[in-house]
Amino acid sequence: MTTREAGPFAKIMKRGSVALLVVTFSLPSWTAPAIAQEYRERRTLMEMLFGGPNQYNDRLYAPERREQRRQAAPQRQNSSRSVTRPAAPRSTPSVVQMRTAKPAPVEKLENARRVLVVGDFLAGAMGEALVSTFETSASIAIDVRANGSSGLVRSDYYDWFANLPQFIKDTKPATIVIMMGSNDRQAMDIGGTKEKYGTEIWFKEYERRIDALITLAKRQQVPVLWVGLPAFQSPSLTADFVGFNRLYRSHIEKLGGEFVDVWDGFVDEGGKYVTTGYDVNGQQARLREADGIGMTQAGKQKLAFYVEKFVRRHLDSAEPGLGTLDGSNLPSLTSLPAMGIDAQQVRTQPISLTDPDLDGGDALLGGKQAPAKFSVVETPRERLTKRGLMEDAPLGRVDDYRMPPTDETAAK
């Protein structure tokens, strides 16, 4: 191509470059609305479903609309909150509220029969639970006179032989419950001499004191119960208290009282101490404190459960003043049938509901008169049981194994 030929083309290219530059520099000013329009049309899926401002469009276009959105945002937010605010949760009653409410204590009657509970810390725990057990009974009242560290050994610390008669005089009990011995594994003062625990002299004096305490309680001429000791976590304590319970049982029964054995309620199937066991409701619960000696609330209630059975047996829980039926106030019965030789007797033959004679009988006793004379014909049952004979099954029944008659048989 010559210079002359390239001249016009070069001019065209030069003019085109200038035009392109002009378009390039002027592009942002006239394409901005188009770009903004394009971004406004291409919205996200969430915006299309639920609506909402397009922040990218706000940066590119319509600042006045952005200001309007900013002013309307609080009002829209409050409106959405009022719509989407979750409903207030219902007040669900707790488990305790759903259970049957415990009956309120009732006021004791003036002539309520009283139960006197005496002993050490275990007697106090048991007495506390007995008070709760009988709080709805107006006719039975519980009086607890316990000293936690007392026993039969340290009469210098607390003398039950001096205090028990006064307690009986104050309360006038209808039943006396004794539970002590947990603090008695220690030296005993016998005639001014300290006798070591476990010797023959020690046990002889201890048995004498058991008898003396029971004799004081029996002076009231009321039932006396001696509650045995439970197992303890210490193996030595448990072994010694097995022997103590043997003494308590033999002496209280010898003097006309009753022994309440609670041992099985606080050991496992192998006879070993347990911290957790069944409570009075048959549910697993912690019965003993961490020291392996004291009782939890469930353990106290279990002790009271054993004693309650004896107390209710001796003291009728019916409220005083209620009428009782005895031989003096029973209503007269004038419609009794005539008895004796002259009474007319109706003799009928009993008929079993299971039809033992296999005769299809369905009448109850007295439904038909006895036959005038007994038949010598054997019943189907007699033929089956005596001679092993059975009647043929009805013709056509599933157990009818007779061959159907043939033409020849029918001709004969």
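Preceding this section is the structure that the text describes.
Residues numbered from 1 in each chain as written. Predicted model: local features only at pLDDT ≥ 70, side-chain atom pairs only at ≥ 80, totals over all residues. Heavy atoms only, no water.

**Side note on helix 9 (residues 235–254)**
Piece 1. In this model helix 9 runs 29 Å from its N-terminal to its C-terminal C-alpha over 20 residues, within 8% of the 28 Å that 1.5 Å per residue would give.
Piece 2. The inward-facing, buried residues of helix 9 abut helix 8 (200–218), strand 6 (224–227) and strand 7 (258–260).
Piece 3. Looking at the residues trailing helix 9, positive phi occurs at G256, about 90°. (Helix = DSSP H or I, 4+ residues; strand = E, 2+ residues; numbered from the N terminus. Expected span 1.5 Å × (residues − 1). Contact = heavy atoms within 4.5 Å.)

**Side note on the pairing of strand 1 (residues 113–119)**
Piece 1. Among the seven residues that make up strand 1, five are buried, leaving the element largely enclosed by the rest of the structure.
Piece 2. Pairing of strand 1 with strand 2 (residues 140–146) involves seven bridges; the strand directions are parallel. Paired with R114 across the strands is A141, a residue of strand 2.
Piece 3. Running through helix 6 (residues 121–133), the crossover from strand 1 to the neighbouring parallel element strand 2 is right-handed.
Piece 4. Pairing of strand 1 with strand 3 (residues 175–179), which is carried by five bridges, proceeds in the parallel orientation. Bridge pairing in strand 3 places L116 opposite I176. (Buried < 20%, exposed > 50% of the residue type's maximum accessible area, 1.4 Å probe, protein only. Pairing = 2+ DSSP bridges. Right-handed = clockwise from strand over helix to strand, strands pointing away.)

**A word on the sheet that holds strand 6**
Piece 1. An order of 2-1-3-6-7 is seen for the five strands of this open sheet, with the pairing classed as parallel. The strands lining the two open edges of the sheet, one partner per strand, are strand 2 and strand 7. Between one strand axis and the next, the sheet turns through 20° on average, direction left out of account.
Piece 2. Against the sheet, helix 9 touches strand 6 and strand 7, its axis set at about 150° to strand 7.
Piece 3. Across the face of the sheet, helix 10 (residues 297–314) comes into contact with strand 1, strand 3, strand 6 and strand 7 while running at roughly 155° to strand 7. (Axes fitted to C-alpha atoms, helices over the stretch in contact; angles between N-to-C directions.)

**Regarding the environment of F266**
Piece 1. Turning to its location among the elements, F266 is positioned in the loop between strand 7 and strand 8 (276–278).
Piece 2. For the pair F266 and Y278, spaced 12 residues apart in sequence, the C-alpha to C-alpha distance is 8.8 Å.
Piece 3. In this structure, F266 is in contact with P230, A231, K272, Y273, V274, L287, R288, M295, G299, K302 and L303, ignoring residues within four places of it in sequence.

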